[in-house]
Amino acid sequence: MSTADMSSAELATYNFAYLDEQTKRMIRRAILKAIAIPGYQVPFASREMPMPYGWGTGGVQVTAAILGPQDVLKVIDQGADDTTNAVSIRAFFQKVANVAVTTKTREATIIQTRHRIPEEKLTEGQTLVYQVPIPEPLRFLEPRETETRKMHALEEYGLMHVKLYEDIARNGHIATTYAYPVKVEGRYVMDPSPTPKFDNPKMHMSEALQLFGAGREKRIYAVPPYTEVVSLDFEDHPFEIQSFDKPCALCGAENVYLDEVVLDDKGGRMFVCSDTDHCEDRCAHGHRGHLAYNKEAAE
Amino acid sequence: MYVAVKGGEAAISNAHRLLADRRRGDRSLPAIGIEQIVAQLGLAVDRVMAEASLYDRSLAALAVRQARGDMIEAIFILRAYRTTLPRFGYSRPVETGAMLVERRVSATYKDLPGGQLLGPTFDYTHRLLDPSLLNDEAVDTPLERDEASEPVMRVSDILAGEGLVEDDGDMPDGHVAGDITREPLEFPMARDLRLQALARGDEGFLLALGYSTQRGYARTHPFVGEVRIGEVEVELDMPELGFAVSLGRVQITECQMIAQFKGSAKNPPQFTRGYGLVFGQSERKAMAMSLVDRALRAEEFGEDIVAPAQDEEFVISHSDNVQATGFVEHLKLPHYVDFQAELDLVRRMRREYEAAQNTDTDLPEAAE
């Protein structure tokens, strides 16, 4: 083929949501299996996506496989709709699937996320799709896949408990702050993806379907609605989540996850909601943090 | 005053606009054409075709141009296109013995049927910068040999005549070659899948691993039985016709590395082989691949597994440069939510540390 007769149209014809229907069926079969065995990592024939491995290809493939023309899609990264990679993935689905998109958690039927679970409680009918870099919770204890698969099969999780115990012995507390391991429905130990442990309790008995896609590592796993998700801990060292001293500086929200924003070079800091939609929604309803007032005064 | 950044979309679009500008470069110079890349940067095009597993010179050249000459980026672009193509069947195994050979060298025989044929090689060039290439000086037309007189017999076939080399190996009856682009990898892998992974593996990574086997990390005492470069016919069985039809020719590089084997209870002492096969002209890649293939067969021959190049899960999990670059480069994506959690922990541990220090320094004072 010479470049002269290589029309741009010929190169750019893709199926709805990019993946061909055969591939979508293959991914859906993996998803169904994952739902049937909560927390179990199902190998799937991950495709090469037009974005880099490690940038959400697993989540994108899961979303592409379940997305229909009627769906309303929300994409967040670090809890925010406007981080560059979230913008890029949302634009990708607008381009290849022409679906409606939103930043509002409650309007979305599918939410693809990296590193956060929205603050607003998810409800029945919603699906949360996680982008997962390393699906194997035992990976940093045992680098070999052949070994870790065996450990899961035998429910051999002693190594993980030893690791958590060693944390306590060394530091006085468990030093895992994100990607905190959970046990699903009393069987599989699962990596919740690198969400802060603050979000772990939201996974427990969630009304929404939670799907996890790891593209580079070629694994899909799932937590069906109303499933037990328990963070690993010890009786004398119970699991606890992060807490913040102050409320959000913009909307005054408490008991939410906050980002630290550096204001100047003199140690000035402010803490604001990591979930931008939640923050904006609260501001729209008249909630004010201590710096939001200044903002309006300045305008 | 902090204002939430809302510029993501505009920033991305402006960045891409700037990228397009930098790609085009100085507008007073003519743009480089795809045909020029195919013709004059052919080995770059070959590498992209090989590691993208797609034989199409024009598309590979387009990818090279689009990627501004970044090879891994070009490989990535071409792979992302390849993955959208339907796969409609397996060709017949290509017959490399019937290759239209452009280059063929053997290190194990001084002369052999078909002869030694240097072909278009950098070997024996003196690596002196060539000022004549600064200008478009006329280049002599190459000399061509007369009609190939005798078939270019494979070195492995010569050794096989005496039974001194292992044969091509058997797959179980009815074995259909796998496809690592359509099935998830599982370890341990069958050799067909392993060779596929090596064939699209990163040239630099395989080169380094192959090199490590020569320096004692899993030594296999290798000889280049032969390296051959040329075109082979690709044929597809057509069930409705009852015979195979030719789809065309592809250029490939094949390397058969001959290695020692002292024999076992089952097998007599004989030479074993490492195999390399790559699209286009890439001797370095084919040779490195054959070294690594042989090293990875350690278990099959009951050899001790002592070095990285023998470790299948290590080698195959990390040989794919598109995966590697994606995951390494993803570290530049925002991680501030997790970092916040770590900050919180470090601050807490720091407070505990300082409290402990204070208690320690207080103690002697209390004793005074």
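Read on for a plain summary of the structure.

Cut-off values and rules
Counting from 1, residues in each chain are numbered in the order their sequence is written. Chains and ligands are labelled by the order in which they are written, letters from A for the one and numbers from 1 for the other. Since the coordinates come from a predicted model, pLDDT governs what is reported: local features require at least 70, and pairs of side-chain atoms require 80 or more to be given and counted, while whole-chain, interface and lining totals use all residues. Only DSSP runs of H or I reaching four residues or more are called helices, and only runs of E reaching two or more are called strands; each is numbered from the N terminus. Counts of 20 or more other C-beta atoms within 10 Å of a residue's own C-beta define buried residues, counts of 12 or fewer define exposed ones, and intermediate counts define partly exposed ones; C-beta atoms are placed from the backbone. Residues of type Ala, Val, Leu, Ile, Met, Phe, Trp, Tyr and Cys that are buried and joined through C-beta atoms within 7 Å form what is called a nonpolar core. As annotated, the domain borders come from an automatic or database domain assignment. Whether two residues are in contact is decided by their C-beta atoms, placed from the backbone, lying within 7 Å. Being paired, for any two strands, means DSSP has found at least two bridges between them. Polarity classes work like this: nonpolar for Ala, Val, Leu, Ile, Met, Phe, Trp, Tyr, Cys and Pro, charged for Asp, Glu, Lys and Arg, and polar for all others, with Gly in that last group.

## Side note on unusual backbone geometry
In step 1: Here the bond from phenylalanine 187 of chain B into proline 188 of chain B is cis, since omega is -5°, no more than 30 degrees from zero.
In step 2: Mapped onto the secondary structure, proline 188 of chain B falls in the loop between helix H6 (155–161) and helix H7 (191–199).
In step 3: Positive phi outside glycine occurs at lysine 218 of chain A, with the angle close to 60°.
In step 4: In this structure, lysine 218 of chain A sits in the loop between strand E8 (209–214) and strand E9 (219–223).
In step 5: Residue lysine 218 of chain A is classed as buried on the basis of its C-beta count, with 23 C-beta atoms lying within 10 Å.
In step 6: Phi is positive for serine 53 of chain B, close to 55°, though the residue is something other than glycine.
In step 7: Within the fold, serine 53 of chain B resides in the loop between helix H3 (42–52) and helix H4 (57–66).
In step 8: The exposure class of serine 53 of chain B is partly exposed, given the 19 C-beta atoms found within 10 Å.

## Side note on the nonpolar core
In step 1: Ranked by internal contacts, the top residues of the largest apolar core, which has 53 residues, are Val48, Ala60, Ala63, Leu78 and Val292 of chain B.
In step 2: With eight residues, the top contributor of residues to this core is helix H9 (residues 283–296) of chain B.
In step 3: For this core, the domains that each give at least three residues are domain 1 (13–82) and domain 2 (96–121 + 149–169 + 178–326) of chain B.
In step 4: Residues in contact with valine 48 of chain B, not counting those within four places in the same chain, are Ala60, Ala63, Val64, Met71, Ala74, Ile75 and Leu78 of chain B.
In step 5: With 52 residues, the next largest nonpolar core counts Met26, Ile27, Ala108 and Val223 of chain A among its residues.

## Quick notes on the pairing of strand E12 (residues 269–273) of chain A
In step 1: The sheet contact formed by strand E11 (residues 258–262) of chain A and E12 of chain A spans five bridges and is antiparallel. Bridge pairing in E12 of chain A links aspartate 259 of chain A to valine 272 of chain A.

## Details of the interface of chain A and chain B
In step 1: Chain A puts 53 residues into the contact, and the matching count from chain B is 43 residues.
In step 2: Among the secondary structure elements, those contributing two or more residues to the side of chain A that touches chain B are helix H4 (84–97), helix H5 (145–153), E11 and helix H9 (290–298) of chain A.
In step 3: Across the side of chain A that touches chain B, the residue classes break down as 21 nonpolar, 19 polar and 13 charged.

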